[in-house]
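Reading the structure
Each chain, letter by letter, is given below.
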Amino acid sequence: MVKTMAINAGSSSLKWKLYDMPEEVVVASGIIERIGEKDSIFSINYNEDKQLKSTVTITDHEEAVQMLLKQLIELSVLTGYDEISGVGHRVAAGGEYFSDSVVVTADVLQKIELLSELAPLHNPANATGIRAFKKILPDITSVAVFDTSFHQTMDKVHFLYSIPYEYYQKHNARKYGYHGTSHKYVSLRAAEMLDRPIEDLKIISCHLGNGASICAIKGGESVDTSMGFTPLAGLTMGTRSGDVDVSLLPFIMEKENIKTIAEMIEILNSESGLKGISGISNDMRDLKAVQATDERASLALEMFKDRIKKYIGSYAATLNGVDAIVFTAGIGENDITLRKEISEELSFLGIEIDEEKNDCRGKEKIISSETSKVKVLLIPTDEEAMIAQDVERLKETSVYS
Ligand code: ADP
């Protein structure tokens, strides 16, 4: 059986899923956390309901990959390394270089590292993951799947900021967008569920997790998206502020004696959003639990909803209409009330939610009424499946080993 691995490498973690391809059946999955610490955590789910979890010392990503492959053989999930025909790696930033996933070559790896200035926390870790697999499985096709590449179809009208044009020409200062793999996956699924060619559809995809973004998709291509040069822009998120007037920053810095812009940006990334407004938590479930009695939790939830509605309205205008709205990721897949309220409060667009169908979590479903002009869909995202599909698609073109 041909197997493909989907990898999401962080600076101290490595999340993975192993697929039988082309059936796209997950045969095992897991996460290695605290890489580089004495008490790294290693866990594997396999044989449907079996789990192996241990605390060990794993010094770096290479050792993590070695241990992972050895364990998969010991557990008889793999018969040998040669059963893996390709490895796909999630990479945060692809800049303007990559408008699709690519087979990793020395040049690609160099560009991923060069793009670290766009995603300083993610790209170096993604490159480390790629290198670790390459070292241990040198002959196996390695594919990079970028969070940004789906949005490379945006045109200048949508990706440029209204600032001096030279900043784009000289420094590529522009909107790149993120969550592209998720937006692409759910839009393809939406077309299949609606049994309509994606070329004919105008879709607004709402990826609402701890990180959140909305994407306007026409004919299967990203037209505009709410995240920007970095993932900080757009919606109110778990800990990120989303859009703010940048003139506010020097004002707050002076009043609060914040010394550097880096510190200020860190506050916007990590101490803002639902967490900053509520003063309680970045986690939607925590806020919902206290919203009836806690004014600021309730306010945070209203603001979260408000920004989503604004972006949907604005993208309906950008697309000059909308055929389908998709909800995905942790909040989008699970928050029944939020989906209902957003749909009802945007009824002027021709959205009619079916409350019974909407009473559902985490599985694919059309949740609008039969007569709704705009279809509303609940689609669990699956970025790893998209990565595995891209490995399948590209491995025939592999030129590097
Ligand atoms: P990320 O991958 O960006 O870390 P997820 O897609 O896992 O985030 O989404 C996490 C968010 O989903 C959290 O805010 C969490 O509270 C929310 N969530 C999970 N289950 C529910 C639920 N039943 N109702 C509302 N929100 C939920």
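For the structure, see preceding data.
My aim in this report is to walk through the structure given alongside it, one point at a time. Predicted model, so just to flag it, every value in this text is computed and none were measured.

1. Some points on the nonpolar core
The nonpolar side chains of soluble globular proteins are, as a tendency, buried together. Among the nonpolar cores identified, the biggest contains 55 residues, and Ile204, Leu208, Ile214, Ile308, Ile312 and Ile325 are the most heavily contacted of them. Looking at this core element by element, the count peaks at 10 residues for helix H11 (residues 295–319). Those residues in contact with Leu208 that lie beyond four places of it in its chain are Leu235, Phe304, Ile308, Phe327, Thr328, Ala329, Gly330, Ile331, Gly332 and Leu338. By size, the runner-up hydrophobic cluster in this structure holds 29 residues, among which are Leu14, Ile32, Val65 and Val77.

2. Quick look at the site of the ligand
Taken together, Gly209, Asn210, Gly211, Asp283, Met284, Arg285, Ala329, Gly330, Ile331, Asn334, Asp335 and Arg361 form the complete shell of residues around the ligand. A distance of 3.2 Å is found between an oxygen atom of the ligand and a backbone nitrogen or oxygen belonging to Gly211. Contact between the ligand and Asp283: an oxygen atom at 2.4 Å from a side-chain N or O atom of the residue. Computed on the free molecule, the ligand has an accessible area of 580 Å², of which 67% lies beneath the protein chains in the complex. Broken down by element, the residue count for the shell around the ligand peaks at four residues, all from helix H12 (residues 329–334). Each residue belonging to the shell around the ligand can be placed in one class, and the counts come to three nonpolar, five polar and four charged.

3. Here's the deal with the sheet that holds strand S3 (residues 25–33)
Taken in spatial order, the eight strands make up an open sheet running S5-S4-S3-S2-S1-S6-S8-S7, and their pairing is mixed. Two strands lie at the open edges of the sheet, namely strand S5 (50–56) and strand S7 (102–103), each paired on one side alone. Here six bridges tie S3 to strand S4 (residues 40–46), and the two strands are oriented antiparallel to one another. Across the sheet, Ser29 pairs through a bridge with Asn45, a residue of S4.

4. Quick notes on the packing of aromatic side chains
One pass over the structure, following the stated rule, counts six aromatic pairs. An aromatic cluster is built from Tyr97, Phe98 and Phe146, whose rings are joined through pairwise contacts. The side chain of Lys111 reaches across the aromatic face of Tyr97, ending 5.1 Å from its centre. The ring of Phe159 has Arg174 sitting right over it, with the charged end atom 3.6 Å from the ring centre.

5. With respect to the pairing of strand S10 (residues 212–218)
Counting buried residues along S10, six of its seven residues qualify, which places the element largely inside the surrounding structure. Bridging between strand S9 (residues 202–208) and S10 involves seven bridges; their strand directions are antiparallel. From the neighbouring strand, Lys202 faces S10, where its bridge partner is Lys218. Between S9 and S10, which follow one another and run antiparallel, lie three residues. The turn linking S10 back onto strand S11 (residues 221–225) is made up of two residues, and Gly219 within it adopts a positive phi angle of 55°.

6. Observations concerning the side chain of Asp147
Along the chain, Asp147 turns up in the loop between strand S8 (141–146) and helix H4 (156–159). By relative accessible area, Asp147 is classed as buried at 7%. Engagement of the side chain of Asp147 in a polar contact is seen with the side chain of Arg90, the distance being 2.9 Å.

7. With respect to unusual backbone geometry
Both trends apply: most residues other than glycine have a negative phi, and most peptide bonds are in trans. Here the residue pair Met21 and Pro22 is connected by a cis peptide bond, since its omega of 5° sits within 30 degrees of zero. Within the secondary structure, Pro22 sits in the loop between strand S2 (14–21) and S3. In the Ramachandran plot, Ser76 falls in the positive-phi region, its phi being about 60° despite a non-glycine side chain. Positionally, Ser76 belongs in the loop between helix H1 (61–74) and strand S6 (84–91).

8. Here we look at the sheet that holds S10
Within the open sheet, the six strands sit side by side as S11-S10-S9-S12-S14-S13. Their pairing is mixed. Of all strands in the sheet, those bounded by a partner on one side alone are S11 and strand S13 (365–366). Judged from the four bridges that link them, strand S12 (residues 324–328) and strand S14 (residues 375–378) form a sheet pairing that is parallel. Bridging across to S14, Val326 finds its partner in Leu377. Contacts from helix H6 (residues 180–194) reach S9, S10, S11, S12, S13 and S14, with the element oriented near 130° to S9.

9. With respect to the pattern of salt bridges
One pass over the full model with this rule turns up 30 salt bridges. A salt bridge links Glu345 to Lys309; the nearest nitrogen and oxygen atoms lie 2.7 Å apart. Here Lys309 lies in helix H11 and Glu345 lies in helix H13 (residues 336–345), a separation of 36 residues in the sequence. Take Lys309: its relative accessible area is 22%, and that puts it in the partly exposed class. By sharing partners, the salt bridges in this structure join Glu302, Lys305, Lys309, Glu341 and Glu345 into a single network.

How each quantity is defined
- Residues numbered from 1 in each chain as written.
- Predicted model: local features only at pLDDT ≥ 70, side-chain atom pairs only at ≥ 80, totals over all residues.
- Heavy atoms only, no water.
- Core = buried A, V, L, I, M, F, W, Y, C linked by side-chain atoms within 4.5 Å.
- Buried < 20%, exposed > 50% of the residue type's maximum accessible area, 1.4 Å probe, protein only.
- Helix = DSSP H or I, 4+ residues; strand = E, 2+ residues; numbered from the N terminus.
- Contact = heavy atoms within 4.5 Å.
- Near = heavy atom within 4 Å.
- Polar contact = N/O pair within 3.5 Å; in protein donor to acceptor, adjacent residues only side chain to side chain.
- Areas by Shrake-Rupley, 256 points an atom, 1.4 Å probe, with all protein chains shown as cover.
- Nonpolar A, V, L, I, M, F, W, Y, C, P; charged D, E, K, R; others polar.
- Pairing = 2+ DSSP bridges.
- Phe/Tyr/Trp six-rings, centres within 6.5 Å; stacked < 30°, edge-to-face > 60°.
- Lys NZ or Arg CZ within 6 Å of the ring centre and 35° of its normal.
- Axes fitted to C-alpha atoms, helices over the stretch in contact; angles between N-to-C directions.
- Salt bridge = Lys/Arg side-chain N within 4 Å of Asp/Glu carboxyl O.

Everything listed here is a matter of geometry and, on its own, says nothing about what the molecule does.
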